[in-house]
Amino acid sequence: MSRVREALGPDALLSYRLSLADLVADGQSWEEVVALARGVEAAGADLLNSGIGWHESRVPTIVTSVPRAAFTDLTGRLRPHVAVPVVASNRISTPADAEAVLARGDADLVSMARPFLADPEWVAKAAADRADEINVCIGCNQACLDRTFALRTVSCLVNPRAGHETIPLPRPTRRPHTVAVVGAGPAGLAAAAGLAEAGHRVTLLERRDHLGGQFDLARRIPGKEEFAETIRYFAGRLERAGVEVRLATSPGAGELAGFDDVVVATGVRPRRPAIPGIDHPSVLSYDEAMRAPDRLGDRVAVIGAGGVGVDVATFLTRHAAPDLAAWRAEWGVAADGGLAAPAPAPPARRVHLVQRRRTRVGADLGTTTGWVHRATLRAKDVETVTGAHYERIDDDGLHLRVGDRPRLLAVDSVVVCAGQEPVRDLVDDLAVLRVRPHVIGGADEAVELDAERAIRQGSEVAARLRGRGRA
Ligand code: SF4
């Protein structure tokens with residue numbers, strides 16, 4: 001630090017980033033953190049920017065399930081020990097979060113990174129008292145950090161334009177179309193908002209009585225409540241752009257034929273594998289299980305251990321997302337930022353997570369988030385069964401064959417998370433009427449639930465329609 005200060009001269013601003021809690025065994029003690037901070041200050045730092053954790057740490061610090069501003073009390077503890085400003089970071093997502101950190105006296109300044117990928121107008125909107133219009137980072141890491149570690153172009157799941165800002169934005173249309181967007185999941189929401197903002201007259205039709213599609217399911221998973229922010233953001237854009245929203249309606253092709261354009265964003269339906277007994281009353285799709293959890297018993301087998309299966313297992317074993325104190329206790333974070341013995345709350349149900357593949361459960365989850373999900377399942381005593389063949393489902397439960405050995409999982413309920421199929425009935429019906437719709441999101445491609453692609457495709461529809469039309 002002394003040499004850097006010497007090289008920079010006295011006028012350049014010099015910020016030093018240090019971890020206030022390594023969250024690894026035998027990491028720095030609090031006394032050592034303070035000593036380092038004071039030493040760095042004495043050597044010429046103008047401000048101390050704080051991070052939390054370390055790459056080897058097994059405590060999550062930035063993913064969705066980490067409560068907002070979970071560690072700023074540590075920044076607050078450091079402040080009295082130094083004279084230079086101390087900066088808080090980690091899971092500070094909204095202007096209200098930042099204001100609360102400052103109001104508590106936890107920091108002199110707040111820093112953030114991912115929120116500016118999610119919304120490059122974050123600061124401008126905050127300054128203009130339009131915080132409710134901010135597209136909030138949901139902490140998923142899918143399109144940013146996971147890409148960084150794969151040396152791919154960084155973008156953002158909720159703002160696919162991030163990293164691609166040089167692609168021209170669609171100009172307002174001179175020939176507005178009437179457009180029906182069918183389906184209000186991420187793809188339909190992005191399409192409806194983008195089209196209306198480009199000047200088209202848009203009607204958004206949704207069969208459920210609420211917006212959100214798969215994001216509405218995701219937000220129900222304890223630790224993924226942030227997904228509600230994206231629904232809120234798009235709902236605001238729809239309203240400001242004058243989109244007519246019709247809920248609880250499933251239009252037939254005939255009702256849509258009068259529109260200039262039809263966007264089919266009808267999403268996916270859970271796939272029902274051909275297992276003997278799949279129609280047994282104990283069997284629910286993941287969709288049904290998450291919308292009506294009171295139909296589930298205390299012992300549950302989950303068929304399919306991809307991203308949805310892991311989420312459902314988390315949903316089944318938790319009553320609700322823990323508050324900050326309970327979250328820190330679950331992960332073993334002591335008051336001084338040191339490690340304590342993790343004390344997870346007991347699981348809400350006994351869950352077995354079963355897959356046909358022999359690979360480890362959740363092998364396809366994100367680089368920076370998969371380990372958190374797997375640790376969460378371990379903490380809830382979820383039994384994982386790999387290499388399973390599904391024999392049948394009956395009153396006794398789920399019968400498997402694992403290798404050469406038969407095995408019965410004596411469960412009350414079986415939840416199927418065996419992939420999904422595109423809902424494209426409307427596409428075929430429209431074809432009969434010689435209407436060629438724009439098909440986006442899960443209705444276009446359902447092999448993997450890919451919210452980033454869905455939102456990107458929705459945003460691209462507006463650009464495609466510019467300049468065309470019947471007028
Ligand atoms: S990809 Fe996810 S974590 Fe990354 S900036 Fe976007 S919303 Fe935030």
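For the structure itself, consult the block above.
Owing to the predicted nature of the structure, the values given are computational and were not obtained by experimental measurement. (Residues numbered from 1 in each chain as written. Predicted model: local features only at pLDDT ≥ 70, side-chain atom pairs only at ≥ 80, totals over all residues.)

(A) Seen up close, the site of the ligand. The full set close to the ligand counts 14 residues, and Arg114, Cys137, Cys140, Cys144 and Cys156 are the nearest of them. Partitioned by chemical class, the residues of the shell around the ligand number 10 nonpolar, 3 polar and 1 charged. (Near = placed C-beta within 6 Å. Nonpolar A, V, L, I, M, F, W, Y, C, P; charged D, E, K, R; others polar.)

(B) Layout of the nonpolar core. With 96 residues, the main nonpolar core has Ala192, Val302 and Val312 as its most contacted residues. Among the elements that take part in this core, helix 8 (residues 186-197) stands out by supplying 8 residues, more than any other. Taken together, domain 2 (178-269 + 424-465) and domain 3 (272-418) each give at least three residues to this core, which thus spans both. Core analysis: the second largest hydrophobic core is formed by 29 residues, Val59, Val66, Leu78 and Ala88 among them. (Core = buried A, V, L, I, M, F, W, Y, C linked by C-beta atoms within 7 Å. Buried ≥ 20, exposed ≤ 12 C-beta atoms within 10 Å, placed from the backbone. Helix = DSSP H or I, 4+ residues; strand = E, 2+ residues; numbered from the N terminus. Domains from an automatic or database assignment.)

(C) Up close: the sheet that holds strand 14 (residues 388-394). As summarised here, the arrangement of the 3 strands in space is 14-15-16, forming an open sheet in which the pairing is antiparallel. Strands at the two margins of the open sheet, each flanked by one partner only, are strand 14 and strand 16 (405-409). On average, adjacent strands in this sheet sit at an angle of 25° to one another, irrespective of strand direction. Two elements, strand 15 (residues 397-402) and strand 16, share 5 bridges in a ladder whose sense is antiparallel. The partner of Val402 across the bridge, within strand 16, is Arg405. (Pairing = 2+ DSSP bridges. Axes fitted to C-alpha atoms, helices over the stretch in contact; angles between N-to-C directions.)

(D) Local environment of the environment of Val333. Checked against the element boundaries, Val333 lands in the loop between helix 14 (324-331) and strand 12 (350-354). Taking the C-alpha atoms as reference points, Val333 and Ala343, separated by 10 residues in sequence, lie 9.8 Å from one another. When residues no more than four places from it in sequence are discounted, the contact partners of Val333 are Leu23, Val59, Arg328 and Ala340. (Contact = placed C-beta atoms within 7 Å.)

(E) Representation of the sheet that holds strand 11 (residues 299-303) within the structure. Taken in spatial order, the 5 strands make up an open sheet running 10-17-11-12-13, and their pairing is parallel. Two strands lie at the open edges of the sheet, namely strand 10 (283-285) and strand 13 (383-385), each paired on one side alone. Taking the axes of each pair of neighbouring strands and ignoring which way they run, one obtains an average angle of 25° across the sheet. Alignment of strand 11 against strand 17 (residues 413-416), held across 4 bridges, turns out to be parallel. Looking across to strand 17, one finds that Ile303 is bridged to Val416.

Distances and angles like these do not, on their own, reveal function.
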